[in-house]
Amino acid sequence: MRNNVLLFLLIFFLVLTSCDPNRVFDGYQAVPEKWHKDSIISFKITPPDSTNTYNLFVNLRNNNAYKYNNLFLIVEMVFPHGKTLTDTLEYKMADPSGKFLGTGLMDIKENKLWYKEGVIFKEKGDYQVNIQQAMRENGKVNGVTELEGITDVGFRIEKPAKNTP
């Protein structure tokens, strides 16, 4: 049953993204049953050019096993010549009533989360984006070792939407 649902979601996602003219890069990686705090999900990016601006997003899919209303991530962008930018980001995953944000039918929700806006890839070569969970529980010093409920982590680059007068 789970395989049928995953196959349906994959086909639905492929149909949905094939009609997206703003998409430049869109990749996902599945997370094992639990996302370990030391597990880094990486994406190799070859930018299309060094003159246009792009918007960057972290995409996440979660299911009902996710028990928090927010999510902390460490996102690192490694430039072709070695420079690294590291950001610690917080995203809302549920509204105050506990209802998950995002889109999707059934128990899997997809979230498109802003990472950076108006980025110009000035350096030629491949960039690498690393994403790691950094969740903490209230009142506890140590992080959540194994985060449940995140099923897929993605990274997206898109052309900014054109403003029409």
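Conventions adopted
- Residues numbered from 1 in each chain as written.
- Predicted model: local features only at pLDDT ≥ 70, side-chain atom pairs only at ≥ 80, totals over all residues.
- Heavy atoms only, no water.
- Salt bridge = Lys/Arg side-chain N within 4 Å of Asp/Glu carboxyl O.
- Helix = DSSP H or I, 4+ residues; strand = E, 2+ residues; numbered from the N terminus.
- Buried < 20%, exposed > 50% of the residue type's maximum accessible area, 1.4 Å probe, protein only.
- Polar contact = N/O pair within 3.5 Å; in protein donor to acceptor, adjacent residues only side chain to side chain.
- Contact = heavy atoms within 4.5 Å.
- Phe/Tyr/Trp six-rings, centres within 6.5 Å; stacked < 30°, edge-to-face > 60°.
- Lys NZ or Arg CZ within 6 Å of the ring centre and 35° of its normal.
- Pairing = 2+ DSSP bridges.
- Axes fitted to C-alpha atoms, helices over the stretch in contact; angles between N-to-C directions.

A. Quick peek at the pattern of salt bridges. Summed over the entire model, instances satisfying the criterion amount to eight salt bridges. Between aspartate 87 and lysine 116 there is a salt bridge; the shortest N-O distance is 3.0 Å. Taken together, the residues aspartate 87 in strand β6 (residues 84–92) and lysine 116 in strand β7 (residues 109–119) connect sequence positions 29 residues apart. Taking the relative accessible area as the measure of exposure, aspartate 87 reaches 22% and is therefore partly exposed. Residue lysine 116 is classed as partly exposed on the basis of its relative accessible area, which comes to 22%. When the shortest N-O distance is used, the salt bridge between glutamate 158 and arginine 156 registers 2.6 Å. Overall, glutamate 158 belongs to the buried group, its relative accessible area being 10%. Linked through salt bridges whose partners overlap, the residues forming this network are Asp26, Lys112, Arg156 and Glu158.

B. Examining the side chain of arginine 156 more closely. Following the sequence through the fold, arginine 156 ends up in strand β10 (residues 150–158). At a separation of 2.8 Å, a polar atom in the side chain of arginine 156 contacts the side chain of aspartate 26. One polar contact links arginine 156 to glutamate 158, side chain to side chain, over a distance of 2.6 Å. Not counting residues within four places of it along the chain, the set of residues in contact with arginine 156 comprises Asp20, Arg23, Phe25, Asp26, Asn55, Leu56, Phe57, Asn59 and Lys112.

C. Quick look at the packing of aromatic side chains. One pass over the full model with this rule turns up nine aromatic pairs. For the ring pair tyrosine 66 and tyrosine 68, a centre distance of 5.6 Å and an interplane angle of 70 degrees mean the geometry is edge-to-face. Its relative accessible area of 3% is what places tyrosine 66 among the buried residues. Tyrosine 68 sits in the buried class, given a relative accessible area of 15%. Centre to centre, the rings of tyrosine 66 and phenylalanine 100 are 6.4 Å apart; their planes meet at 50 degrees, and the pair counts as tilted. Of this pair, tyrosine 66 sits in the loop between β4 (54–62) and β5 (70–78) while phenylalanine 100 is found in the loop between β6 and β7, placing the two residues 34 residues apart along the sequence. When sorted by exposure, tyrosine 66 lands in the same class as phenylalanine 100, which is buried. Among the aromatic residues, ring-to-ring pairing joins Phe25, Phe43, Tyr115 and Phe155 into one connected group. The ring of phenylalanine 57 carries the charged tip of lysine 112 above its face, separated from the ring centre by 4.5 Å. In this arrangement the basic side chain of lysine 116 is found over the ring face of tyrosine 115, its NZ or CZ atom lying 5.1 Å from the centre.

D. View of the pairing of β6. Sheet analysis places β5 next to β6, joined by nine bridges and oriented antiparallel. For asparagine 70, the partnering residue across the bridge sits in β6 and is lysine 92. What sits between the antiparallel neighbours β5 and β6 is a turn of five residues, in which glycine 82 has the positive phi angle 105 degrees.

E. Local environment of the sheet that holds β5. Read across the open sheet, the four strands follow the order β3-β8-β5-β6; overall the sheet is antiparallel. Strands at the two margins of the open sheet, each flanked by one partner only, are β3 (41–45) and β6. Neighbour-to-neighbour, the strand axes of the sheet open up by a mean angle of 20 degrees, direction not taken into account. Of the strand pairs in this sheet, β5 and strand β8 (residues 127–133) are connected by six bridges, and their pairing is antiparallel. Residue pairing in the sheet places glutamate 76 in a bridge with asparagine 130 of β8.

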